[in-house]
Amino acid sequence: MVFGRSKPTGQPGEWFYCIKHGKVEEGPECPAKDRLGPYASREEAARALETAAERNQEWKQDPRWNDEDEPGTEG
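For every chain, the first residue of the written sequence is number 1, and numbering continues from 1 onward in sequence order. Since the coordinates come from a predicted model, pLDDT governs what is reported: local features require at least 70, and pairs of side-chain atoms require 80 or more to be given and counted, while whole-chain, interface and lining totals use all residues. With hydrogens and water set aside, each side-chain value is computed from the structure's full complement of heavy atoms.

Student: So what about the environment of tryptophan 15? Which residues, and what values?
Tutor: Position of tryptophan 15 among the secondary structure elements: in strand 1 (residues 15-18). Residue exposure (1.4 Å probe, protein chains only): buried if accessible area is under 20% of the type maximum, exposed if over 50%, otherwise partly exposed. For tryptophan 15, a relative accessible area of 13% puts it in the buried group. Along the primary structure tryptophan 15 and alanine 46 are separated by 31 residues, whereas in three dimensions their C-alpha atoms are 9.0 Å apart. Two residues qualify as a contact provided that any one of their heavy atoms is within 4.5 Å of a heavy atom in the partner residue. With residues near it in sequence (within four places) discarded, tryptophan 15 still touches Val24, Glu25, Glu26, Gly37, Pro38, Tyr39, Ala40, Ser41, Arg42 and Ala45. For the purposes of this entry, the term helix denotes a DSSP run of H or I that reaches at least four residues, the term strand denotes a run of E that reaches at least two, and both are numbered from the N terminus.

Student: I'd like a description of the sheet that holds strand 2 (residues 23-26), backed by residues and values.
Tutor: Think of it this way: DSSP has to see at least two bridges between two strands before they count as a pair. Reading across from one edge, 2-1-3 is the order of the 3 strands in this open sheet, with antiparallel pairing throughout. At either end of the open sheet lies a strand with only one pairing partner, and these are strand 2 and strand 3 (35-39). Ignoring which end each strand starts from, the neighbouring axes of this sheet average 25 degrees apart. Where strand 1 and strand 3 come together, 3 bridges link them in antiparallel fashion. Residue pairing in the sheet places tryptophan 15 in a bridge with tyrosine 39 of strand 3. Axis angles are defined between N-to-C directions and span 0 to 180 degrees, where every axis is a line fitted to C-alpha atoms and, for a helix, only to the segment in contact.

Student: Which residues make up unusual backbone geometry, and what values do they have?
Tutor: Working note: non-glycine residues mostly have negative phi, and peptide bonds are mostly trans. Each neighbour pair has its own omega, and for glycine 27 with proline 28 the value is 5 degrees, a cis peptide bond. Tracing the sequence through the fold places proline 28 in the loop between strand 2 and strand 3. Residues glycine 37 and proline 38 are joined by a peptide bond in cis, for which omega reads 15 degrees. Turning to its location among the elements, proline 38 is positioned in strand 3.

Student: Please give an account of the pattern of salt bridges that cites residues and values.
Tutor: Each salt bridge in this description consists of a side-chain nitrogen of Lys or Arg and a carboxyl oxygen of Asp or Glu lying within 4 Å of one another. Taken as a whole and judged by the stated rule, the model has 5 salt bridges. Lysine 33 is paired through a salt bridge with aspartate 34; the nearest N and O atoms lie 3.5 Å apart. In this structure, the salt-bridge partner of arginine 64 is aspartate 62, at a minimum N-O distance of 2.8 Å. Through salt bridges with shared partners, one network takes in Arg47, Glu50 and Glu54.

This is the structure in structure tokens:
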């Protein structure tokens, strides 16, 4: 058995955004720990950080994801 880096898996037509290199890639090229996706298009992958920020903001405002008794808050 050979140990080493495994090649990232993906399909042509699947688009990813590599957070390590700050680039869009098809396939993918980089390991899963360094990428977001897959996305249906290059354009969607290019917006990956913006999309993640929008979703994070939505989740912060969603009462289903907020603890009612957070430390340091009244209530």
